[in-house]
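# Examination of the molecular architecture
Each chain, written out:
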Amino acid sequence: MRSTRHSPSRHLPLLGLLAALLLFGPAFTPVASAAGTAAAPVRVMPLGDSITGSPGCWRAALWNRLQSAGHTDIDFVGTLGPQGCGVAHDGDNEGHGGELVTQVADQNLLPGRLAATRPDIVVMHFGTNDVWSSISPDRILAAYTTLVGQMRASHPRMRILVAQLIPMNPASCAGCAQRVVDFNARVPEWARATSTADSPVTVVDQWTGFNTATDTYDGVHPNAAGDEKIAARWFPALDAVLDAGVPGDPGDPGDPGGGRPTCSAVFRATNVWQGGYQGEVTVTNTSSATVPGWTVTVAPTAGARLTQVWNGTSTTAADGTTTVTDAAWNGTLAPGASTTFGFVATTSSTAGTPSATVGCTARTAA
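In short, a report on the structure. Just so we're clear, the structure is a prediction, and the values are computed from it rather than from any experiment.

A separate point is the packing of aromatic side chains. Tallied over the entire structure, the rule returns eight aromatic pairs. Aromatic side chains tryptophan 58 and tryptophan 234 sit 6.0 Å apart centroid to centroid with 35° between the ring planes, which places their arrangement in the tilted category. Of this pair, tryptophan 58 sits in helix H5 (residues 58-68) while tryptophan 234 sits in helix H12 (residues 224-244), placing them 176 residues apart in sequence. One exposure class covers both tryptophan 58 and tryptophan 234, and it is buried. Taking the centre distance of 5.7 Å and the plane angle of 90° together, the rings of tyrosine 144 and phenylalanine 183 count as edge-to-face. Highlighted residues: tyrosine 144 in helix H9 (residues 137-154) and phenylalanine 183 in helix H10 (residues 176-194), separated in sequence by 39 residues. Given the relative accessible area of 1%, phenylalanine 183 is considered buried. Aromatic ring contacts, followed pair by pair, group Tyr144, Phe183 and Trp190 into a single cluster.

The subject of this paragraph is the sheet that holds strand E7 (residues 263-273). In spatial order, the strands read E7-E8-E13-E10; together these four strands make up an open sheet with antiparallel pairing. Both outer strands of the open sheet, E7 and strand E10 (305-310), are each paired with one neighbouring strand and no more. On average, each strand axis in the sheet is tilted by 25° relative to the strand beside it, whichever way the strands run. Where strand E8 (residues 276-285) meets strand E13 (residues 338-346), nine bridges bridge the pair, whose relative direction is antiparallel. Paired with threonine 284 across the strands is serine 338, a residue of E13.

So, about the sheet that holds strand E9 (residues 294-300). With antiparallel pairing, the four strands of this open sheet are ordered in space as E11-E12-E9-E14. Of all strands in the sheet, those with a lone pairing partner are strand E11 (313-316) and strand E14 (356-362), marking the two edges. Strand after strand, the sheet turns through a mean of 20° between neighbouring axes, direction not considered. Bridging between E11 and strand E12 (residues 322-325) involves four bridges; their strand directions are antiparallel. Within the sheet, the bridge partner assigned to serine 314 lies in E12 and is valine 324.

We now examine the pattern of salt bridges. Between side chains of opposite charge, a pair can form when the charged atoms approach closely. In this structure the tally under the stated criterion is ten salt bridges. A salt bridge links arginine 363 to aspartate 326; the nearest nitrogen and oxygen atoms lie 2.5 Å apart. With arginine 363 in the segment after E14 and aspartate 326 in the loop between E12 and E13, this pair connects stretches of sequence that are 37 residues apart. A relative accessible area of 10% places aspartate 326 in the buried class. Counted as one network, the salt bridges with shared partners bring together Glu94, Glu99 and Arg113.

This structure, assessed with the given rule, holds three disulfides. Bridging cysteine 57 to cysteine 85, the disulfide has an S-S length of 2.1 Å. Because the sign of the S-S torsion sets the handedness, a value of about -100° for the bond joining cysteine 57 and cysteine 85 places this disulfide among the left-handed ones. Of this pair, cysteine 57 sits in the loop between helix H4 (50-53) and H5 while cysteine 85 is found in the loop between strand E2 (74-76) and strand E3 (94-95), placing the two residues 28 residues apart along the sequence. Sequence-ordered numbering of the bonded cysteines in the chain gives a disulfide pattern of 1-2, 3-4, 5-6.

Calculation rules
- Residues numbered from 1 in each chain as written.
- Predicted model: local features only at pLDDT ≥ 70, side-chain atom pairs only at ≥ 80, totals over all residues.
- Heavy atoms only, no water.
- Phe/Tyr/Trp six-rings, centres within 6.5 Å; stacked < 30°, edge-to-face > 60°.
- Helix = DSSP H or I, 4+ residues; strand = E, 2+ residues; numbered from the N terminus.
- Buried < 20%, exposed > 50% of the residue type's maximum accessible area, 1.4 Å probe, protein only.
- Pairing = 2+ DSSP bridges.
- Axes fitted to C-alpha atoms, helices over the stretch in contact; angles between N-to-C directions.
- Salt bridge = Lys/Arg side-chain N within 4 Å of Asp/Glu carboxyl O.
- Disulfide = S-S within 2.5 Å.

Structure representation (structure tokens):
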């Protein structure tokens, strides 16, 4: 009926027709709006080194698994573009060949990449080059903590998927295979200490069932079979996060949890001797709010006891757990910022490699 009603317009002179379009055009705007503006896609950043980006064809396999499962409203993001693979997919990524995660943390490289791409979810397989370089698990995990703090400063409700690394057994590194095992064993506890309700950290086991002889072409980098295995391990974890929905950035006064400060703590031994060791704990603000103060619990293993603490005030319970609060001058932490405190611990003469379970609680403003 509409076409019948307006059919005389076809016989108007050209200027009249243009005038009619200008007159009636705005009337159709609400019709387009009524259909609704499409929701912004969920932005997923694949983060890592050459296993992720050069060419990182597991990303293509994962992308197509997600598409087949109905996740068509996603956008893989990164400052690097597609690097081959011969399969149609969204190839944007943050997999820089040769990079060490400790280098990225020490040189503060991630914030600029986050600002340029604004991910909602980070899928991270990072640390292979660090393990190859004999960098200690403590240093690698401290770098992980720094990166997580920067992710949360970019998006306070960032969803973070972290891999236990695929096996590594290159001909030129006899110790690499065991070093990957040792590092992977530390990742779950780190994730439990680092995860928050607003920004959970999910560990994805990429090690189990992966065979360097059949799933890599050089003992390190995945071949086509390895790519499929990696994608298959990422898929259920990422599928679950996407199904649950990724909340937007908090900021409205009524947005629950938007301004709550949170922190994480990571332990490392800096010096070891018979009967004792020196330790250090890095405290990081993992929220978008300023941390006005913090409290860290340190539970050393193997019967160790903290006997001296600096850069903090401590009390020790009967079971050996020590509670350390900030020293006032190092209590206030901006989003993503870190501080450290140190301690000396005594151990039995038979104690092995020092370790401790640490946790951090941020105080709220008065």
